Amino acid sequence: MNEYDSNRIYDLAKRNGYEKTNRLEEANCYVLNTCHIREKATDKVYHDIGRLKKTFKDKKKPIVVITGCVAQAEGEILLKKERYIDAVIGPQSYHNFNNQVLEIEKKFKKLNHTDFDVIEKFDTLNLLRNSNTDISSFLTIQEGCDKFCKFCVVPYTRGAEHSRSIKELFNESKDLVDNGAREIYLLGQNVNAYNYNGKRLSHLINEISKIDKLQRIRYTTSHPNDFTDDLIEVHKDNKKLMPLLHLPIQSGSNKILKEMNRKHSVEEYLILIENLKRANPLIKFSSDFIIGYPGETEDDFNMSLKLLKKINYINTYSFNFSARPGTPAADLKKIDDSLAKKRLFIFQKLAEKIKMNYRKSLFNKKATVLFENKSKKESQFFGRDEFLNPIIVNTKNNLKGVVCEVRITDGNHNTLFGEIEKFDEKKDFAA
Ligand code: SAM
Ligand code: SF4
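Structural notes, computed from the coordinates. Values in this document were obtained by computation on a predicted structure and should not be read as measured data.

Re the site of ligand 1
Lining the immediate environment of ligand 1, one finds 16 residues, of which Q189, Q250, R262, D288 and S322 sit closest. One nitrogen or oxygen atom from the main chain of F151 is found 3.0 Å from a nitrogen atom belonging to ligand 1. D288 is positioned such that a nitrogen or oxygen atom in its side chain is 2.5 Å from an oxygen atom of ligand 1. Within the complex, the protein chains bury 89% of what would otherwise be the 570 Å² of accessible surface of ligand 1. Residue classes in the shell around ligand 1 are distributed as six nonpolar, six polar and four charged.

As structure tokens, this is what we get:
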């Protein structure tokens, strides 16, 4: 979502005459868009400002703006502690970015803008064409969260749930496809809680899939409790919806799930997985796990390992519990740090083994790949299959935006390598 926000901040800044630069020393405005989901985020801000100060030691300093959830959660402290920062702007008020920067340009006064103006934000952004040109483009459809899992900072930094209208999302999707996008990734902190005047995510997916040149649709991140039957059905009926679902569970232990306030059990989660598999037998899953949550015993941890094996997730994101200031879990007694780290190591080793076995099972098989861009080597192109596996092929052709069959020949834990089976050179997909 920060990537989507960064693109939109740039769309705004362009109106003020700013242009992107890859050369830090050339910048006259420096925007750091931050994430606050786990600790060390604030340290990273101070570290980055240190680097900036060094670069501009003998020069006029750029305007320095901190955006995103660190700005929301710790804005006032940042402004007080680091005088180099000119403004902090929260994720629900960045539509004011240009006014803020103009004020700083004129008066050089410090600004803190961290209101929750989500409706006003999207009203402003809707007037601006999304200029992103990525083959796989992000689109924020829903923001905020009303679930209040005990460990999570999102309800405090992004605010209450808000869903954008079907019409504005259809129009923005069309703009993205006109810019070259062939895949749209629908985003929300709780994406399947999407509800615009009773129209749910399933309706939005079906609407967007009417856009002719759009080949693929994905959505993330879902909460197991918001899976309505109509959404399960779309996985059966809509061929543009990709058969990989990111479905975080956080723990394989019912006791820990209850303590986290996740409001569902492992058994309910397993039933959901079965229903989704019934709707689309090809579907595969990825997930998030928090390892070493306060109160996690060896038994609880083993239940997470058991679930990891049972579902055979093709990808997992696992982290040690990180106490976020202001959340209820921050006051709980933490488990021993070295034990938490040891468990995370064991968990990630098993997750990696499962992923590698899955990747090996793809060798010598065909995959349908959407190509995105040239890879670092001139003669290679990078794309992803339907399950988001990264695939590189050797080719002299420009495959940007092309979908074609690839035979997987080799791979490692980062990338798969393949050979193109069929490519119609005359068919210009990206045009
Ligand atoms: N809404 C999604 C859900 O409920 O599954 C998750 C969104 S959250 C922004 C992304 C992931 O960050 C979570 O699934 C969780 O695993 C991780 N996360 C959030 N807070 C955390 C914390 N305090 N410590 C460790 N990991 C955390
Ligand atoms: Fe955070 Fe997701 Fe829980 Fe909402 S549902 S509080 S975003 S972990």
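Digging into the packing of helix α8 (residues 201–208) against helix α9 (residues 229–237)
Relative orientation of the contacting elements α8 and α9 amounts to 30°, with a least axis distance of 8 Å. Judged on the interaxial angle alone, α9 and α8 are roughly parallel. Of α9, the residues touching α8 (which contributes L201, S202, I205 and N206) are D230, L231 and V234.

Considerations on the packing of aromatic side chains
Applying the stated criterion across every chain yields a total of seven aromatic pairs. Ring centres of F289 and F347 lie 4.7 Å apart, and the angle between their planes is 50°; on these two criteria the pair is classed as tilted. Of this pair, F289 sits in strand β13 (residues 284–291) while F347 sits in helix α13 (residues 337–361), and the two are 58 residues apart along the sequence. Accessibility classification places F289 together with F347 in one group, the buried group. Look at F371 and F381: their rings are 6.2 Å apart centre to centre, the planes differ by 80°, and that puts the pair in the edge-to-face class. One end of the pair, F371, is in strand β15 (residues 366–374); the other, F381, is in strand β16 (residues 380–384), and 10 residues separate them in sequence. Its relative accessible area of 3% is what places F381 among the buried residues. Of the aromatic side chains, those joined through ring pairs into one cluster are F151, Y293 and F321. Geometry around F319 places R38 over its ring, the cationic atom sitting 3.3 Å from the centre. The side chain of K61 reaches across the aromatic face of Y84, ending 4.8 Å from its centre.

Some words on helix α12 (residues 298–311)
Residues lying three or four places apart along an α-helix face the same way, a consequence of the helix completing one turn every 3.6 residues. Its 14 residues give α12 an end-to-end C-alpha distance of 20 Å, which sits within 8% of 20 Å, the value for a rise of 1.5 Å per residue. Every buried residue belonging to α12 is among D300, F301, S304, L305, L307, L308 and I311, and all of these are buried. Taken around the axis of α12, the buried residues stretch over an arc of 160°, which confines them to a single face. Residues of α12 that are exposed and point over 90 degrees away from its buried face: D299, K306, K309 and K310. In this fold, the buried residues of α12 make contact with α10 (254–260), α11 (266–279), β13, β14 (315–320) and α13. Positioned one or two residues after α12, N312 has a phi angle of 60°, which is positive.

Calculation notes
Residues numbered from 1 in each chain as written. Chains lettered and ligands numbered in written order. Predicted model: local features only at pLDDT ≥ 70, side-chain atom pairs only at ≥ 80, totals over all residues. Heavy atoms only, no water. Near = heavy atom within 4 Å. Polar contact = N/O pair within 3.5 Å; in protein donor to acceptor, adjacent residues only side chain to side chain. Areas by Shrake-Rupley, 256 points an atom, 1.4 Å probe, with all protein chains shown as cover. Nonpolar A, V, L, I, M, F, W, Y, C, P; charged D, E, K, R; others polar. Axes fitted to C-alpha atoms, helices over the stretch in contact; angles between N-to-C directions. Helix = DSSP H or I, 4+ residues; strand = E, 2+ residues; numbered from the N terminus. Parallel < 35°, antiparallel > 145°, perpendicular 65-115°, else oblique. Contact = heavy atoms within 4.5 Å. Phe/Tyr/Trp six-rings, centres within 6.5 Å; stacked < 30°, edge-to-face > 60°. Buried < 20%, exposed > 50% of the residue type's maximum accessible area, 1.4 Å probe, protein only. Lys NZ or Arg CZ within 6 Å of the ring centre and 35° of its normal. Expected span 1.5 Å × (residues − 1). Arc of directions from axis to C-beta.

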